[in-house]
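Examining the three-dimensional arrangement
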Amino acid sequence: MKIDDIRKVCVVGAGNMGHQISILAAIRGYRVSCVDVNEKQLQKARGFAEKYLPGRVAKKKLTEDQARQAWDNLEFNTDLKKAAGDADFVIEAATENLELKRKIFEKLDQVAPPHAVLATNSSFIVSSMVADVTSRPGKVCNMHFFNPALVMKCVEVVKGPHTSEETAALAMELARSLNKEPVELQKEIYGFLVNRILSAINNEALYLLDQGVASAQDIDSAVVNALGHPMGPFKLQDLTGIDLTYHVMMERYRETGDPADKPSPTVVEKYVKKEWGQKTGKGFYDYGK
Ligand code: CAA
């Protein structure tokens, strides 16, 4: 399959990442079905698109025609068979749970056309952990976007041992056609490139906070004003979700068995209290209702 053969993209999951990947692909001219089992999540995603697209017109980033076309390209539904049945490329962006993803890939393999690529946007689950439930492992890869996906230019395309050259090249081309600057990883590694680098920063920031050296606000301020990052590590975890930080660290700890990889006490406490950041209204910062 060539890039021009991709007409329809199916995005599985309308959460933090899925809704933005869907809108992005619709803006870039693809027909998109965003599918989720949770009707409320779909309504939220639809509501975001309804506000976001006119907002882009008001900011003169899209013409009215482009916004209308993007809206017409978008479809939100709860039926995976309908959403993926005529898709050329599927991006799975469901909850970070391996068993769930394996079930989704098994089902996708049954309902998506044989030529369709099945990619996962997972932040840490490598595609070889889901490729084996499909009859098309050569067409399975990681395609990892960053939050907010409508804005961040990087996409990590990770080639598993099963991924064909053609699939990796197609995922790179699709990312470019979504106006991204993709990077290609030649082999699977836990955390890929970005989350490995980010974890080093987050771990040190959490250590400094747990030691009472400085407040989250001051650590963020130092990182922004001394290192030039657009936001500090605590603001960023509030954006990406402290539940994700917890799962990423737990997964790494399970893999290495190294106590240094365990989530910090602050992360565990926030995870248990459901203070997961912007999505629950409170994380390291308070977002009110
Ligand atoms: N959704 C969509 N667009 C958004 C947005 C959001 N949540 N937040 C901001 N934007 C857009 C704005 O519309 C604006 O677009 P235009 O310039 O085209 O009009 C642009 O981003 C800048 O927005 P603002 O001026 O309001 O705010 P800002 O300059 O502070 O930028 C930010 C906000 C883009 C989020 C910036 O702070 C940033 O780059 N932060 C770092 C984000 C980051 O590091 N992401 C990676 C996270 S790690 C990850 O995702 C890994 C993983 O596995 C989960």
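A few points on the structure.

Cut-off values and rules
- Residues numbered from 1 in each chain as written.
- Predicted model: local features only at pLDDT ≥ 70, side-chain atom pairs only at ≥ 80, totals over all residues.
- Heavy atoms only, no water.
- Buried < 20%, exposed > 50% of the residue type's maximum accessible area, 1.4 Å probe, protein only.
- Helix = DSSP H or I, 4+ residues; strand = E, 2+ residues; numbered from the N terminus.
- Arc of directions from axis to C-beta.
- Contact = heavy atoms within 4.5 Å.
- Polar contact = N/O pair within 3.5 Å; in protein donor to acceptor, adjacent residues only side chain to side chain.
- Axes fitted to C-alpha atoms, helices over the stretch in contact; angles between N-to-C directions.
- Left-handed = near helix turned anticlockwise from the far one by under 90°.
- Nonpolar A, V, L, I, M, F, W, Y, C, P; charged D, E, K, R; others polar.
- Phe/Tyr/Trp six-rings, centres within 6.5 Å; stacked < 30°, edge-to-face > 60°.

**Thoughts on helix H12 (residues 265-272)**
Residues spaced three or four apart along an α-helix point in a common direction, a consequence of the helix completing one turn every 3.6 residues. Taken as a whole, H12 has its buried residues at Thr 266, Val 267 and Lys 270. Down the axis of H12, the sector holding all buried residues measures 100°, keeping them to one side. Among the exposed residues of H12, those pointing more than 90 degrees away from its buried face are Pro 265 and Val 272. Contacts made by the buried residues of H12 are with helix H8 (194-210), helix H10 (233-240) and helix H11 (242-256). Phi turns positive, to about 60°, at Lys 274, one or two residues after H12.

**Quick notes on unusual backbone geometry**
Here Asn 147 and Pro 148 are connected by a cis peptide whose omega angle stands at -5°. By the secondary structure assignment, Pro 148 is in the loop between strand S6 (140-145) and strand S7 (154-158). One non-glycine residue, Lys 60, lies in positive phi territory at about 60°. Here Lys 60 lies in the loop between helix H2 (39-58) and helix H3 (64-73). The class of Lys 60 is exposed, set by a relative accessible area of 76%.

**Quick word on the side chain of His 162**
Mapped onto the fold, His 162 is located in the loop between S7 and helix H7 (165-177). Here the side chain of His 162 touches Ser 127 through a polar contact of 2.9 Å, side chain to side chain. Contact partners of His 162, with chain neighbours within four places excluded, come to Ser 127, Ser 128, Ala 131, Pro 137, Gly 138, Val 140 and Glu 188.

**Notes on the packing of H8 against H10**
Orientation of H8 relative to H10, taken along the N-to-C sense of each, is 115°, at an axis distance of 10 Å. As for the relative orientation of H8 and H10, their crossing is left-handed in sense. Between H8 and H10, the contacting residues are Leu 198, Ile 201, Asn 202, Ala 205, Leu 206 and Leu 209 on the first element and Pro 233, Phe 234, Leu 236 and Gln 237 on the second. Along the lines of polarity and charge, the residues of the contact of H8 with H10 split into eight nonpolar, two polar and no charged.

**A word on the packing of aromatic side chains**
On inspection of all chains with the given rule, the structure shows five aromatic pairs. Measuring from centroid to centroid gives 6.3 Å for Phe 124 and Tyr 190, while their planes differ by 50°, and the two rings are tilted. Of this pair, Phe 124 sits in the loop between strand S5 (117-120) and helix H6 (128-131) while Tyr 190 sits in the loop between strand S8 (181-185) and H8, and the two are 66 residues apart along the sequence. In this structure, Phe 124 and Tyr 190 share a single accessibility class: buried.

This is a description of form; function is not addressed.
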